Amino acid sequence: MKQPKKLQQTAKKRTTSKSGATLTGDAVMLLQKDHRKVEALFAQFGRAKDAQKKELIVGQICTELSVHMSLEEELFYPACHENDVEEAPLDEAQVEHDGAKTLMAELKEQSASTQFYDAKVKVLSEYIKHHVGEEEMRNGVFAKARKAGIDMTALGQAMKARKKELMTQSQSGGINPPKLLSRPAGKSRFTHEHYDANGQG
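Residues numbered from 1 in each chain as written. Predicted model: local features only at pLDDT ≥ 70, side-chain atom pairs only at ≥ 80, totals over all residues. Heavy atoms only, no water.

Chemist: Quick one: what's the story with the overall build of the chain, residue by residue and with numbers?
Modeler: Tallying secondary structure elements over the chain gives 7 helices and 0 strands in all. In the chain, once contacts between residues fewer than 6 apart in sequence are set aside, the share between residues at least 24 apart is 74%. A total accessible area of about 10700 Å² is found for the chain, and carbon and sulfur atoms account for 51% of it. (Helix = DSSP H or I, 4+ residues; strand = E, 2+ residues; numbered from the N terminus. Contact = heavy atoms within 4.5 Å. Areas by Shrake-Rupley, 256 points an atom, 1.4 Å probe, with all protein chains shown as cover.)

Written out as structure tokens, the structure reads:
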């Protein structure tokens, strides 16, 4: 089973923590855990009434989604491509990511009192719900990746370590959201944008 070159290099560097403990975790399980966390945040938003609380929750959603998308685009999807997982579902997943990123950028620029704010959060939640369904369905991307024989343990180790790096960045000044990879060069709105830990620029 062939691993992406980036994964091979990352796994060698990150198989143990500073304390010497082995990093464990199946890649698909880690991604599914992210899905459940974001679903819970959307549910919290639906119950929130205070504008400031809504903005805080949306900031958390954008941070979680930015990190999650980075893990998929930097590590998971390349592993799928290099192990001959069907291309069409991966391309569709990337387009879905980019649609969500566009809404995230708009929400970042607005306050909860702005017209269509709640509607945009709702549409973002529907994008993510559909995307998660496509990945987790019986014959979805996750199932295809397992069938392809990808080393989910090694991939999970690399993803867990990368997530730790990204979350640290989000707490110490912000992370750069993933670029719009399905858009023509020069069309990304994310080139100079970032989210801090609360989703504020």
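Chemist: With reference to specific residues and values, describe the side chain of His 35.
Modeler: Residue position: His 35 is located in helix 2 (residues 27-47). Aside from chain neighbours lying at most four places away, what touches His 35 is His 68, Glu 72, Val 132, Glu 135, Glu 136 and Phe 142.

Chemist: Kindly report on the environment of Met 29, identifying the contributing residues and their values.
Modeler: With respect to the helices and strands, the residue Met 29 is situated in helix 2. When the C-alpha atoms of Met 29 and Phe 142 are compared, they prove to be 9.6 Å apart, with 113 residues separating the residues in sequence.

Chemist: Which residues make up the environment of Lys 164, and what values go with them?
Modeler: Locating Lys 164 in the fold gives a position in helix 7 (residues 152-171). Sequence spacing of Lys 164 and Val 67 is 97 residues, and the spatial spacing of their C-alpha atoms is 9.5 Å.

Chemist: Could you give an account of the pattern of salt bridges, with specific residues and numbers?
Modeler: Tallied over the full model, the rule gives 13 salt bridges. A salt bridge links Asp 34 to Lys 163, with the shortest nitrogen-to-oxygen separation between them at 2.5 Å. You can see Asp 34 sitting in helix 2 and its partner Lys 163 sitting in helix 7, a full 129 residues away along the chain. According to the relative accessible area criterion, Lys 163 is partly exposed, its value standing at 23%. The residue Glu 64 makes a salt bridge to Lys 37 at a minimum N-O spacing of 3.0 Å. Here the residue Glu 64 occupies a position in helix 3 (residues 51-82), and Lys 37 occupies one in helix 2, the gap between them amounting to 27 residues. Here Glu 64 falls in the buried class, since its relative accessible area comes to 8%. Three or more residues are tied together by salt bridges with common partners; here these are Arg 36, Glu 39 and Glu 136. (Salt bridge = Lys/Arg side-chain N within 4 Å of Asp/Glu carboxyl O. Buried < 20%, exposed > 50% of the residue type's maximum accessible area, 1.4 Å probe, protein only.)

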